[in-house]
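For reference, the chains in residue letters:
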Amino acid sequence: MAQSKAYKWIVLAILVVGSAILYYSNMIFAVRPDTMPTFNIGPAELTAISTIGCLPGAFLSVLIGKILDDKGVKLFTALGLVLTVACMVWRIFAHTYVELFIATVLIGTFLLPITIVGPKMVGGLFRPEEMPLAMGFFGAAGGVGTTLAFATGNLFPSLPAAFTGVSVLGGVLLLTWLVLVKEPPKAPAMQSENAGKGNLGKVLKSRNMWLVMLCTGLAVGAALLVNTHLTAAFIEKGAPEGMASTIGTVLNLCLIIGGIAAGAIIGKLGKINVPYAFICIVGGALYLLAYLLPVSGLTYVLVALGGLICSGSVGVSFTRIPLLPLTGDFGPECIGTATGMNQTALGIMSFALPTVIAAIAGGNNLVVFCIAFGLLFICGVIGLLIPELGENGKLAKARQQ
């Protein structure tokens, strides 16, 4: 299996499913109308339980990434999946909101290894020119999980049945991981007795790592701002509720398709920085234009194009992580730690930015869309300051010589 050309795609599929399950597990609360009456909670508690599963990533990602670098990925990730499934089963029988809350936090915690190990394994399995496409699939996993939750969440006859479905998905993920995934060979630097020592320090000292983290955080914050305010903003502008809801659905479908397409295009071009600037600045401008113009059929077109183009604003950061060793800042043995830092930035900024900006905007959607464009514009500029890591860039060509 390890020698098969199909193996890397099988592993990628497992990683994508693992990340998608995290988002599916969280969003199942928001799409079920029986969540609030079953647990006697209000909208605030519903929002909390629908987002809390991602919060452990803000605090534990660096630690878990370092463990993956130091101890290997197979057994540690398998242990996390075993505990994940156990908590999923516990959640089926939860009778109180407190039990539900604790189980969901633990599910988000124990699923972290499979979400963090993605760039590390992709970097070892795929050729550099294939990484943008591979990471495009990986970056789209969250959107896939969210979209499937909205599409299938209400098909279950009850909330415990929905939790049972999530548990089955977790069990299948665990089984495929144990049977199909092999421990990847260690990078050369990991062979010495000092392997793993100083990894965090090397990554923390990397200016380029911090620039990638900034791009990740700002892009995620902008995406959440647009997504969470989109429906209300267009209803305020006079769109019927059905149209506003459909616009949101179109956006999320285009984000999934565009994330994969962006990876394929960047892989073909062999360059990252200029395409990334285009993705962020033009995509952000289309979002703003869709809001500024009167609501019409053109609104669908502008939102769809914005989603297709702007979807790569987050995924490209995942692509850059396994390529950062080209800069000489740190080696391949540090990629898990680097991914953990990137996930930390994602977790913190995805909570802090939308919350702070929503408070600043005070219900003014024009301010929200202008700030979202500003964040994406900054991302595009910062992306140009990172060394070109694409296959046709100077660093990659120098490595090939």
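Residues numbered from 1 in each chain as written. Predicted model: local features only at pLDDT ≥ 70, side-chain atom pairs only at ≥ 80, totals over all residues. Heavy atoms only, no water.

Along its length, the protein carries 19 helices and 0 strands. Relative to its length of 401 residues, the protein is compact, with a C-alpha radius of gyration of 21 Å against a globular reference of 21 Å. For the protein, with 401 residues in total, the buried portion stands at 53%. A separation threshold of at least 6 residues defines the contact pool for the protein, and within that pool the share at least 24 residues apart is 83%. Accessible area for the protein stands at about 16,700 Å²; split by element, carbon and sulfur atoms hold 72% of it. Considering the protein, the positive charge centre built from 22 side chains and the negative charge centre built from 15 side chains are found 9 Å apart. (Helix = DSSP H or I, 4+ residues; strand = E, 2+ residues; numbered from the N terminus. Rg over C-alpha atoms; globule rule 2.2 N^0.38 Å. Buried < 20%, exposed > 50% of the residue type's maximum accessible area, 1.4 Å probe, protein only. Contact = heavy atoms within 4.5 Å. Areas by Shrake-Rupley, 256 points an atom, 1.4 Å probe, with all protein chains shown as cover. Lys, Arg positive; Asp, Glu negative; His and termini not counted. Charge placed at Lys NZ, Arg CZ, Asp CG, Glu CD.)

In this section: the packing of aromatic side chains. Going through the model one piece at a time under the given rule, you end up with 7 aromatic pairs. Taken together, F234, Y291 and F369 form an aromatic cluster joined through their ring pairs. The ring of Y291 has K237 sitting right over it, with the charged end atom 5.0 Å from the ring centre. For the cation-ring pair, R320 lies above Y276, with the distance from its terminal atom to the ring centre recorded as 4.7 Å. (Phe/Tyr/Trp six-rings, centres within 6.5 Å; stacked < 30°, edge-to-face > 60°. Lys NZ or Arg CZ within 6 Å of the ring centre and 35° of its normal.)

On to the pattern of salt bridges. One pass over the structure, following the stated rule, counts 6 salt bridges. Of the charged contacts, one joins K120 and D69 as a salt bridge, the two residues approaching to 2.6 Å between their closest N and O atoms. In this pair, K120 is assigned in helix α7 (residues 112-125) and D69 in helix α4 (residues 56-71), connecting sequence segments 51 residues apart. Each member of the pair, K120 as well as D69, carries the same accessibility label: buried. Via salt bridges that share partners, K8, R127 and E130 belong to a single interconnected network. (Salt bridge = Lys/Arg side-chain N within 4 Å of Asp/Glu carboxyl O.)

In this fold, V181 is placed in the loop between α10 (159-180) and α11 (199-204). Overall, V181 belongs to the buried group, its relative accessible area being 1%. On a C-alpha basis, the gap between V181 and T228 in space is 37 Å, while along the polypeptide they are 47 residues apart.

Here we come to the environment of A134. Inspection of the secondary structure assignment puts A134 in helix α8 (residues 131-139). Here A134 falls in the buried class, since its relative accessible area comes to 0%. It is 28 Å that separates the C-alpha atoms of A134 and G201, two residues lying 67 residues apart in sequence. Apart from the residues within four sequence positions on either side, A134 is in contact with L12, V122 and F126.

The next thing to look at is the packing of helix α12 (residues 207-236) against helix α13 (residues 241-269). At their nearest, the axes of α12 and α13 sit 8 Å apart, and the two run at 155 degrees to each other. Overall, the two elements α12 and α13 adopt an arrangement that is roughly antiparallel. By crossing handedness, the relation of α12 to α13 is classed as right-handed. Contacts between α12 and α13 involve V226, N227, L230, T231, F234 and I235 from the former and E241, A244, S245, I247, G248, L251, N252 and L255 from the latter. Split by residue class, the contact of α12 with α13 holds 8 nonpolar, 5 polar and 1 charged. (Axes fitted to C-alpha atoms, helices over the stretch in contact; angles between N-to-C directions. Parallel < 35°, antiparallel > 145°, perpendicular 65-115°, else oblique. Left-handed = near helix turned anticlockwise from the far one by under 90°. Nonpolar A, V, L, I, M, F, W, Y, C, P; charged D, E, K, R; others polar.)

In this section: the side chain of R32. Within the element layout of this structure, R32 appears in the loop between α1 (7-31) and α2 (35-39). Overall, R32 belongs to the buried group, its relative accessible area being 7%. Only 2.9 Å separates the side chain of R32 from the backbone oxygen of G153, close enough to count as a polar contact. With near-sequence residues (within four places) excluded, R32 lies in contact with G153, N154, F156, P157, S158, L159 and A162. (Polar contact = N/O pair within 3.5 Å; in protein donor to acceptor, adjacent residues only side chain to side chain.)

Now for α8. Residues M131, P132, A134, M135, G136 and F138 constitute the buried set of α8. Residues of α8 that are buried make contact with α1, α7, α9 (141-152), α13 and α16 (312-320).

Quick look at α9 now. In this model α9 runs 16 Å from its N-terminal to its C-terminal C-alpha over 12 residues, within 8% of the 16 Å that 1.5 Å per residue would give. Turning to α9, its buried residues are A141, G142, G145, T146 and A149. Projection of α9 onto a plane perpendicular to its axis shows the buried side chains occupying an angular sector of 135 degrees, all on one side. Seen from the open side of α9, the exposed residues pointing more than 90 degrees away from its buried face are F150 and A151. The inward-facing, buried residues of α9 contact α1 and α8. (Expected span 1.5 Å × (residues − 1). Arc of directions from axis to C-beta.)

Within the protein, residue pLDDT values average 87, and 95% of them lie at 70 or more. Residue range residues 189-196 is modelled with pLDDT below 50. Its contacts to residues more than four positions away, or to other chains, number 10 contacts. (pLDDT = per-residue confidence, 0-100.)

Next up on the list: a nonpolar patch on the surface. On the surface, I257, L298, V301, L305 and L308 cluster together to form a nonpolar patch covering roughly 410 Å² of accessible area. Looking at which element gives the most residues to the nonpolar patch, the answer is helix α15 (residues 297-310), with 4 residues. Here V301 lies in helix α15. (Patch = residues over 30% accessible without salt bridge, like charges linked within 9 Å, V, L, I, M, F, W, Y side chains within 5 Å.)

The next subject is the nonpolar core. Ranked by size, the top nonpolar core spans 114 residues in total, and within it L15, L111, I114, M121, W177, M209 and F234 carry the most contacts. Looking at which element gives the most residues to this core, the answer is α12, with 14 residues. Other than its neighbours up to four places away in sequence, I114 contacts I14, L15, G18, S19, T77, L81, F138, L173 and W177. (Core = buried A, V, L, I, M, F, W, Y, C linked by side-chain atoms within 4.5 Å.)

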